[in-house]
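Topology and contacts: notes
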Amino acid sequence: MLYIANTTKQLQVFCFRAPETARASYVEISSGQQVAIGQDWTRNQMDAVIQHLKLYGGRESSDVNQRLEHFTGLLYREGKAISENDIVTGHDAVVDMQEHRSAIEATRSAIAFDKANQKNRKRLAKVTEVTVEQDVPVNAKPKGDEIRFSVEVSPEGKDKVAL
């Protein structure tokens, strides 16, 4: 039996084709939930589906406390259900990755905007800044952990930035 957990905030649809079967299959996994598949699978079928999961960013639940690069939010485990703690830790990793990606994209936007506002290599603006603020819904109170950051591009900064 293969357990697959969804640690994201969206519904995940996991599509797969086990060897020796002609048809594709899929399972819908709600946010924070897990499903069990492959009750009567051979070792070859189980390994093929696990390789497919790994190829698209799925990770074994025992890896959840390590650095999860290219993690899509799907955890898997053979033979035993995934613990609630592993699902919560996986969710935290997904959120951290989203925040990191957001910061990188804001930085890229600021640099691109600054480059677009140069004419003949002369700056048209002294400083370029991109600010990101998380909106709080009208009916909700701020929690204090809302996202707010800014990125500034100025002549004193480096010309080359690795992102």
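Attention in this report is confined to the structure presented alongside it. These numbers were taken from a predicted model, which means no experiment stands behind them. (Residues numbered from 1 in each chain as written. Predicted model: local features only at pLDDT ≥ 70, side-chain atom pairs only at ≥ 80, totals over all residues. Heavy atoms only, no water.)

1. Overview of the sheet that holds strand 1 (residues 2–6)
Across a sheet, paired strands are connected by hydrogen bonds in the backbone, their directions being either parallel or antiparallel. Put simply, the rule is: The pairing criterion is simple: DSSP has to find at least two bridges between the two strands. Secondary structure counts use DSSP, requiring at least four H or I residues in a row for a helix and at least two E residues in a row for a strand, with both numbered from the N terminus.
With mixed pairing, the 4 strands of this open sheet are ordered in space as 4-1-6-5. Each edge of the open sheet is held by one strand with a lone partner, namely strand 4 (34–37) and strand 5 (59–60). Bridge count between strand 1 and strand 4: 4 bridges; the pairing is antiparallel. Across the sheet, the residue bridging to Tyr3 is Ala36, located in strand 4.

2. Comments concerning the nonpolar core
Defined as follows: Nonpolar core, defined: a set of buried Ala, Val, Leu, Ile, Met, Phe, Trp, Tyr and Cys residues in which side-chain atoms within 4.5 Å join the residues together. Burial here depends on accessible area, computed with a 1.4 Å probe over protein chains only, as a share of the maximum for the residue type. Under 20% is buried, over 50% is exposed, and the range in between is partly exposed. Contact definition: two residues touch when any of their heavy atoms are within 4.5 Å.
Core analysis: the biggest nonpolar cluster contains 15 residues, and Leu2, Ile4, Phe14 and Ile37 have the highest contact counts within it. If you list the elements that add at least two residues to this core, you get strand 1, strand 2 (12–16), strand 3 (25–29), strand 4, helix 1 (43–55) and strand 6 (74–78). Counting residues per element, this core draws most heavily on helix 1, at 4 residues. Look past the residues within four positions of Leu2 in its chain and what remains in contact with it is Val35, Ala36, Ile37, Trp41, Met46, Val49, Ile50, Leu53, Tyr76, Arg77 and Glu78. In this structure, Val64, Leu68, Phe71 and Leu75 belong to the second largest nonpolar core, which totals 9 residues.

3. With respect to a negative patch on the surface
Stated formally: In this analysis, a patch consists of residues with relative accessible area above 30% that form no salt bridge, clustered at 9 Å for like charges and at 5 Å for the nonpolar side chains Val, Leu, Ile, Met, Phe, Trp and Tyr. All accessible areas in this document rest on Shrake-Rupley with a 1.4 Å probe, and a residue is counted as covered only by the protein chains that are shown. Here a salt bridge means any side-chain nitrogen of Lys or Arg lying within 4 Å of a carboxyl oxygen belonging to Asp or Glu. In summary, the charge assignment counts Lys and Arg as positive and Asp and Glu as negative, without counting His or the chain termini. For this purpose, a charge sits on NZ of Lys, CZ of Arg, CG of Asp or CD of Glu.
The grouping of Asp92, Asp96, Glu99 and Asp145 at the surface amounts to a negative patch. You can see Asp96 is positioned in helix 2 (residues 84–116). By relative accessible area, which is 48% here, Asp96 ends up partly exposed.

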